[in-house]
Number of protein chains: 4
Amino acid sequence: DVAGALHTGRSRNDMDHTIFKMVLRERANTWLTQANQLVATLISKATTERDTLIVAYTHGQPAQPTTFGHYLSAIIEVMLHDITRVQDARDLLNHCPMGAAAITTSGFPINREQVAQLLGFSQPKLNSYGCIASVDYITALYSALKLPMLHLGRVVQDLQFWSAFEVGQLYVPNSLVQISSIMPQKRNPVPIEHLRHLASISAGRCDAIVNTMHNTPFTDMNDSEGEVQQAGYAVFESSGRVLELLSAVLALSTVNEDRVAATTQAACITITELADTLVRQESLSFRQAHDIAAATARDVIERQVPLQEGFDRFVEAFKRTLHRQPSMSKTEFSHVVSARFFVSTRDRPGGPAPVALDHALSTYAAELSVIQERLEASLNRQRDAETMLARAFTTLERS
Amino acid sequence: DVAGALHTGRSRNDMDHTIFKMVLRERANTWLTQANQLVATLISKATTERDTLIVAYTHGQPAQPTTFGHYLSAIIEVMLHDITRVQDARDLLNHCPMGAAAITTSGFPINREQVAQLLGFSQPKLNSYGCIASVDYITALYSALKLPMLHLGRVVQDLQFWSAFEVGQLYVPNSLVQISSIMPQKRNPVPIEHLRHLASISAGRCDAIVNTMHNTPFTDMNDSEGEVQQAGYAVFESSGRVLELLSAVLALSTVNEDRVAATTQAACITITELADTLVRQESLSFRQAHDIAAATARDVIERQVPLQEGFDRFVEAFKRTLHRQPSMSKTEFSHVVSARFFVSTRDRPGGPAPVALDHALSTYAAELSVIQERLEASLNRQRDAETMLARAFTTLERS
Amino acid sequence: DVAGALHTGRSRNDMDHTIFKMVLRERANTWLTQANQLVATLISKATTERDTLIVAYTHGQPAQPTTFGHYLSAIIEVMLHDITRVQDARDLLNHCPMGAAAITTSGFPINREQVAQLLGFSQPKLNSYGCIASVDYITALYSALKLPMLHLGRVVQDLQFWSAFEVGQLYVPNSLVQISSIMPQKRNPVPIEHLRHLASISAGRCDAIVNTMHNTPFTDMNDSEGEVQQAGYAVFESSGRVLELLSAVLALSTVNEDRVAATTQAACITITELADTLVRQESLSFRQAHDIAAATARDVIERQVPLQEGFDRFVEAFKRTLHRQPSMSKTEFSHVVSARFFVSTRDRPGGPAPVALDHALSTYAAELSVIQERLEASLNRQRDAETMLARAFTTLERS
Amino acid sequence: DVAGALHTGRSRNDMDHTIFKMVLRERANTWLTQANQLVATLISKATTERDTLIVAYTHGQPAQPTTFGHYLSAIIEVMLHDITRVQDARDLLNHCPMGAAAITTSGFPINREQVAQLLGFSQPKLNSYGCIASVDYITALYSALKLPMLHLGRVVQDLQFWSAFEVGQLYVPNSLVQISSIMPQKRNPVPIEHLRHLASISAGRCDAIVNTMHNTPFTDMNDSEGEVQQAGYAVFESSGRVLELLSAVLALSTVNEDRVAATTQAACITITELADTLVRQESLSFRQAHDIAAATARDVIERQVPLQEGFDRFVEAFKRTLHRQPSMSKTEFSHVVSARFFVSTRDRPGGPAPVALDHALSTYAAELSVIQERLEASLNRQRDAETMLARAFTTLERS
């Protein structure tokens with residue numbers, strides 16, 4: 001019977017870690033709900049911004065056009081892995097220590113399975129010494145929680161850069177910036193700054209908990225108990241704010257299309273597609289196509305002509321190399337070097353072309369559903385256990 | 001065709017990360033082989049030491065008897081989780097970046113599926129910007145590799161303590177200790193010390209790699225490339241040594257049964273079983289049984305009598321509390337307070353009694369098989385890919 | 001005039017960092033007071049325990065006798081360096097950012113010297129961009145605060161080991177241990193455990209603050225402001241508790257001389273002095289003396305005779321090697337191999353002999369005085385500034 | 001005599017740490033030489049760029065004009081503190097462990113002072129247990145070495161931003177950038193990227209060494225010896241490269257004055273000086289001056305007029321507020337809102353005006369001299385010791 005089980009197998013040791021796990025799983029559930037919400041926001045935003053052109057950077061420099069939806073999809077993939085990792089770590093919280101007693105279980109016929117079930121765990125944690133000493137449920141959880149803070153912090157670096165005065169690719173609405181009355185151009189994107197230090201502090205707090213276990217003996221010790229558990233809860237507070245604040249910032253921010261177009265032209269970032277098209281349409285070798293495109297780029301930049309108006313320069317370069325007229329018309333040229341064509345032609349799996357992106361987004365939505373169902377199964381088990389436990393107590397009181 | 005796919009979708013960006021992943025997966029495979037071998041050693045040692053009594057500690061003090069097999073099983077459970085976590089992280093290495101090209105895939109009809117397959121990956125990594133920028137394959141792997149170093153470092157603390165001169169529970173053979181010619185008692189367990197700092201340095205190196213990504217932009221940058229990749233390889237070198245050295249130390253070390261028996265008696269660590277038995281056999285309340293056991297313990301300790309010879313003290317305490325003779329005989333008493341009885345009566349799932357431990361060990365062996373099969377499936381995929389690739393090149397050369 | 005200076009040079013930027021420094025210096029002052037108090041306790045305890053023999057360990061094994069006072073003196077030296085380092089870091093808090101205004105000082109004739117003085121700083125911080133951006137006053141302070149937590153944590157490991165049941169070199173009084181009613185031998189030294197995790201968490205919190213600055217731009221950013229400053233205050237809370245709790249534990253704990261004597265004999269840790277004495281008194285070579293001492297040690301350990309009763313074994317070994325009788329008498333032998341003689345003969349600077357230790361302790365006391373005076377000079381400057389500031393305001397109100 | 005001192009006080013313990021310190025001090029000397037060289041480069045560059053205008057940022061947005069020399073001076077101040085901290089840490093390497101023997105010094109009349117002197121140390125480290133166990137010479141050194149890597153990494157973030165295509169404030173010459181043949185605008189500032197990850201890895205390596213000591217006992221252990229020492233040397237390798245590479249990058253890079261002027265105008269970053277001048281010259285209240293300046297800024301930005309051509313807008317705003325004509329002429333207005341005037345009027349100590357900056361630079365040069373002399377004193381002591389030691393050996397051989 002339940003009361004007997006609870007009574008005779010009791011010890012502060014297994015009870016402590018059971019309670020620690022029950023408290024942590026509540027916080028983990030909230031975190032997972034917030035993280036899933038962020039991914040839902042990202043998918044929704046990526047869908048809305050499926051066709052919104054942006055400049056994509058490598059080495060901090062403009063490199064190629066893509067779409068905001070494509071960029072956000074890269075983040076979605078990272079987050080789906082991050083959440084799965086936290087869920088895997090959370091699974092260790094489903095292993096119930098009760099019945100381990102002080103170390104070695106009990107000489108009384110306690111039913112560890114039943115106790116675990118009534119407390120909403122999926123199963124007893126097997127080895128009883130491990131129940132009170134292994135503490136890997138702590139290290140695994142905080143280790144897993146660190147990574148999304150690190151990864152989202154990298155996105156925050158992009159948002160900070162994109163919203164810099166000189167770059168201006170991202171427009172953060174007035175409601176989210178600190179404005180100077182005397183310098184109307186100075187728009188400090190304060191929430192983005194807050195995201196960075198909140199993510200950093202959260203990551204640092206995860207490390208502090210994990211490293212507290214370093215070089216402690218593998219035996220039940222206070223290093224994993226009350227005060228350290230308490231210190232860990234700050235992680236959920238600050239990282240939960242990161243998840244919610246980033247959702248808000250991303251939902252409200254928009255791309256400044258004029259700035260994107262200006263940088264696209266000025267940095268000639270579609271020029272490689274000119275070369276690619278020459279290979280495909282004019283049957284040139286890669287070497288020839290590259291030479292013509294490079295000459296065109298050098299020329300328009302020198303003369304400060306936008307690439308899309310550089311048809312004459314292209315024809316000249318083509319003729320210089322091949323001693324003939326290209327078959328490409330002025331209209332075709334303008335189309336070929338447009339960011340829109342660049343993006344639409346990149347339709348391989350994982351590319352930014354609408355067909356590729358639509359497919360990717362539906363994949364992510366399906367993966368999020370699986371993650372969400374996994375969370376709900378946990379929540380349901382806990383809810384069912386509460387009902388069972390209440391019923392068991394009522395039965396007990398009446399007996 | 002393959003050559004075209006490799007050619008037209010080429011870029012240093014996706015090629016770099018493809019190669020980084022291929023190099024890392026070799027190291028991860030070796031690490032997993034070493035880790036599986038350690039678990040196999042632990043299971044074998046735990047089986048051999050199934051019945052070997054040891055003193056189990058809480059708060060650094062002798063607390064209860066258990067068996068060496070039971071202790072090692074707690075470590076096995078941790079390691080099984082640790083390896084699974086590394087395998088999950090290694091799965092990100094199975095996602096092939098090839099075809100992402102510079103950022104956005106290619107306008108040429110490259111076949112990302114086929115390239116992935118020929119290079120031994122399980123699938124292409126979907127989002128092409130993520131292929132060159134997300135770097136979570138690095139953070140996830142080194143983050144996962146840190147935890148076993150932290151966890152095994154806790155075992156090492158126990159081994160260090162157990163092999164201390166005054167404790168002596170663990171005997172490390174002469175081949176593994178540094179001996180002083182003038183102080184024959186001074187046996188420095190050098191490999192245990194080495195395990196500690198190797199594990200610490202390994203964990204620190206993991207942190208160094210993970211934290212290098214902190215506050216870098218989410219775009220292709222050198223922070224995740226050549227030099228940082230190189231720096232990471234030191235993790236495999238030092239943590240691989242931890243896995244192999246710990247296997248060797250555990251395989252060769254033995255429990256000093258005399259010291260275990262002496263501490264068991266001196267610290268009265270079986271006394272709670274006397275109370276439990278009184279509840280079960282003499283139908284006492286927990287309160288009464290506890291009082292009698294506590295009085296017995298106080299008495300034998302004061303008189304420096306080993307607990308097993310404390311029957312008279314027990315009878316006196318029993319009579320003082322209950323004003324009657326216990327039904328327990330002197331022989332029964334001696335049996336009840338023996339470490340062997342203590343252990344054998346703790347037969348709940350996860351307990352140290354032989355039946356419980358045998359069941360646990362067979363569970364672990366089955367789990368290790370699954371882990372091993374997962375590793376072998378990876379190795380086979382790589383091997384098959386090599387064959388396919390060689391064949392494809394041959395076909396290409398002939399065409 | 002002051003008001004003008006405050007008014008026309010004002011900006012949130014320099015005011016923020018000025019206030020952060022003023023808040024931090026209060027906390028740093030408290031911390032230094034606590035740390036100085038710990039060193040005073042250590043010096044006082046070391047003086048009391050100047051002659052109390054203990055076993056000193058290397059590689060976790062008994063190695064030589066020394067005194068508790070000598071051991072504590074090693075800690076004192078570390079702490080004196082640690083405090084000096086924190087004081088040096090605290091000096092950066094004495095550089096006043098006021099007058100830097102937003103970034104570049106002001107076009108108004110503000111008097112930075114005077115403002116600094118009135119706010120209790122030693123001087124203005126020179127470069128005005130640095131005033132609001134360099135944030136090295138934060139990194140330097142928390143970096144310095146980490147080290148004593150790490151170092152004291154190493155002492156805590158010793159205390160934990162020394163108070164283990166089997167070792168028992170340190171007796172922690174009942175008021176500081178958690179006692180089991182049923183296992184009277186089980187004395188959990190809970191404050192020692194608390195010291196460990198408090199020190200670890202404190203060190204981790206220092207890292208979290210320092211690492212939050214990693215890869216942030218060198219410009220005024222929120223990463224060093226409000227919330228991060230707040231998060232840092234937790235370091236003072238937990239590390240201050242370490243300093244006070246360790247003072248209390250050390251003041252109240254005592255050495256168990258019987259256990260020390262038993263281990264000294266059992267581990268033969270004075271045997272090297274026998275060899276040294278043979279070199280000095282019998283004019284043997286080091287090689288000969290070593291051989292005789294080693295043979296004596298092997299013999300007494302094999303026969304389980306305490307070394308001090310091993311005169312006959314020594315004579316035999318001496319004769320075996322040199323074919324003559326030693327001049328050393330039985331009484332002399334017993335004296336030579338005693339821990340007391342071992343210690344008293346090690347009178348080189350820094351050694352445990354009373355004359356050496358007395359000299360060291362008076363050196364430390366003098367160093368502590370210098371440290372304490374440096375702290376008091378800071379406190380006095382702040383107190384004087386408060387008076388000046390109050391007077392300046394009064395003058396201002398009347399004008 | 002020397003030989004006797006070395007012989008009779010010998011032990012692997014004190015010899016090991018003596019050698020570790022001698023090896024570390026060589027590396028520290030080299031590091032300090034490199035760091036001093038960087039500061040010399042910074043002072044020289046700041047002198048050259050005393051009058052070169054740049055845009056200064058807060059919150060990642062253009063905030064005020066200043067000069068490159070002023071910016072570099074902020075870095076110089078940080079570096080002077082950083083180097084002093086490393087020198088203070090290096091001082092612990094000057095305390096010689098020799099004579100501590102195994103733990104407790106020796107019963108032989110060794111002369112610790114003389115041995116220390118002959119080996120180039122400034123003095124013996126006093127407490128002999130501390131000589132082999134305190135290891136704070138390691139933690140203090142690597143802790144101090146971390147901070148400049150963290151601080152310079154913040155400068156690197158600025159350099160990366162300044163050299164972004166859209167910002168272009170810093171011109172990194174072709175010899176230091178990776179150029180794309182097809183995208184002539186794409187100039188990847190690879191050395192800046194390398195600086196970031198080299199600094200990060202260096203910082204991480206420092207942490208790895210420091211944290212290896214965490215929760216180790218305070219007794220001579222392998223955690224601070226051979227392999228860990230070896231691992232630490234990588235810090236000097238990578239951080240030394242940071243110091244040299246940053247010197248090279250800063251020496252060769254230049255400010256793009258056109259881009260600075262364009263951003264200065266576009267972001268209206270001199271507008272606060274207009275308000276300040278109105279207070280000083282037209283005797284307006286701060287409130288009135290602010291309102292007029294703000295209205296002017298709003299107006300010119302709306303009409304996309306450069307601020308310097310906004311005199312008419314200013315007159316209008318002035319009249320709207322004060323119902324009179326300003327006394328400021330068009331020429332005066334243009335002067336007042338120029339970046340050059342903004343900078344020249346900020347001549348408070350620590351400001352960017354030439355007089356203030358010249359004074360600051362001469363202060364830094366004097367501080368660097370002190371630092372350099374301190375290093376040279378160390379080098380001379382080592383050199384003298386080598387001579388003395390050689391002489392002592394010669395004397396010994398002849399005797």
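Residues numbered from 1 in each chain as written. Chains lettered and ligands numbered in written order. Predicted model: local features only at pLDDT ≥ 70, side-chain atom pairs only at ≥ 80, totals over all residues. Heavy atoms only, no water.

Draft legend 1. Representation of the pairing of strand E1 (residues 53-58) of chain A. All names here are of chain A. Counting buried residues along E1, six of its six residues qualify, which places the element largely inside the surrounding structure. Burial of E1 is two-sided: the residues Leu53, Val55 and Tyr57 facing one way and the residues Ile54, Ala56 and Thr58 facing the other way are all buried. Relative to strand E2 (residues 61-67), E1 is paired through six bridges, and the arrangement is antiparallel. Among the inter-strand pairings, Val55 is bridged to a residue of E2, identified as Pro65. Taking the residues that link successive antiparallel strands as the turn, the E1-E2 hairpin has two residues, and the phi of His59 there is positive, at about 55°. (Buried < 20%, exposed > 50% of the residue type's maximum accessible area, 1.4 Å probe, protein only. Helix = DSSP H or I, 4+ residues; strand = E, 2+ residues; numbered from the N terminus. Pairing = 2+ DSSP bridges.)

Draft legend 2. Here's a closer look at the pattern of salt bridges. Under the defined criterion, the tally for this structure stands at 88 salt bridges over all chains. One salt bridge connects Glu49(C) with Lys45(C), and the closest N-O pair in it is separated by 3.4 Å. The salt bridge involving Arg303(C) is made with Asp299(C); its shortest N-O contact spans 3.9 Å. Assessed through its relative accessible area of 48%, Arg303(C) is described here as partly exposed. Asp299(C) gets classed as buried once you look at its relative accessible area, which sits at 15%. Each of the salt bridges in this network shares a partner with another, and the network as a whole consists of Asp299(A), Arg303(A), Arg313(A), Glu316(A) and Arg320(A). (Salt bridge = Lys/Arg side-chain N within 4 Å of Asp/Glu carboxyl O.)

Draft legend 3. Up close: the interface of chain A and chain D. Across the boundary between the two partners, chain A contributes 44 residues, which contact 44 residues of chain D. Of the roughly 3500 Å² buried between chain A and chain D on both sides combined, carbon and sulfur atoms contribute 59%. Broken down residue by residue, the surface that chain A buries against chain D is led by Gln61(A), Glu166(A) and Ile182(A), which jointly contribute 20%. Counting the contacts that link chain A with chain D gives zero salt bridges. (Contact = heavy atoms within 4.5 Å. Buried area = accessible area lost by both parts, 1.4 Å probe.)

Draft legend 4. Inspection of the packing of helix H2 (residues 12-48) of chain C against helix H15 (residues 354-398) of chain C at higher detail. Residue and element names in this part refer to chain C. At a minimum axis separation of 11 Å, H2 and H15 run at an interaxial angle of 160°. Here H2 lies roughly antiparallel to H15, going by the angle between them. Pair H2 / H15 crosses with left-handed handedness. Here H2 contributes Arg25, Glu26, Asn29, Leu32, Thr33, Asn36, Val39, Ala40, Ile43, Ala46 and Thr47 to the contact with H15, which in turn contributes Leu361, Tyr364, Ala365, Leu368, Ile371, Gln372, Leu375, Leu379 and Gln382. Broken down by class, the residue content of the contact of H2 with H15 amounts to 12 nonpolar, six polar and two charged. (Axes fitted to C-alpha atoms, helices over the stretch in contact; angles between N-to-C directions. Parallel < 35°, antiparallel > 145°, perpendicular 65-115°, else oblique. Left-handed = near helix turned anticlockwise from the far one by under 90°. Nonpolar A, V, L, I, M, F, W, Y, C, P; charged D, E, K, R; others polar.)

Draft legend 5. Up close: the side chain of Glu193(D). Take Glu193(D): it is sitting in helix H7 (residues 190-212). Although Glu193(D) lies buried, it forms no salt bridge, and the closest oppositely charged side chain, Arg196(D), sits 5.1 Å away as judged by the N-O distance. Within the structure, Glu193(D) has its side chain in polar contact with the side chain of His59(A) (distance 2.5 Å). Glu193(D) has contacts with His59(A), Met221(B), Asn222(B) and Gln160(D), leaving out every residue within four places of it along the chain. (Lys, Arg positive; Asp, Glu negative; His and termini not counted. Polar contact = N/O pair within 3.5 Å; in protein donor to acceptor, adjacent residues only side chain to side chain.)

Draft legend 6. Fine view of the interface of chain A and chain B. Every contact between the two is made by 88 residues of chain A and, on the other side, 88 residues of chain B. Of the roughly 7300 Å² buried between chain A and chain B, counting both surfaces, carbon and sulfur atoms make up 58%. Where chain A touches chain B, the interface holds two salt bridges. Between Glu77(B) and Lys125(A) there is a salt bridge, and its shortest N-O distance comes to 2.9 Å. At the surface where chain A touches chain B, the tally comes to 47 residue pairs in polar contact (both at pLDDT 80 or more). Top contributing element to the side of chain A that touches chain B by residue count: helix H6 (residues 136-162) of chain A, with 13 residues.

Draft legend 7. Representation of the relation of the copies chain A and chain D in the model. At an RMSD of 0.1 Å, chain A and chain D line up after a rotation of 180° and a shift of 0.0 Å along the axis. Given the turn and translation reported, the copies of this chain are related as if by a two-fold rotation axis. Taken as a fraction of all interface residues of chain A, those also at the interface in chain D reach 100%, which identifies the copy contact as same-surface. (Least-squares fit on C-alpha atoms with pLDDT ≥ 70 in both.)

In short, shape yes, function no, at least from these values alone.
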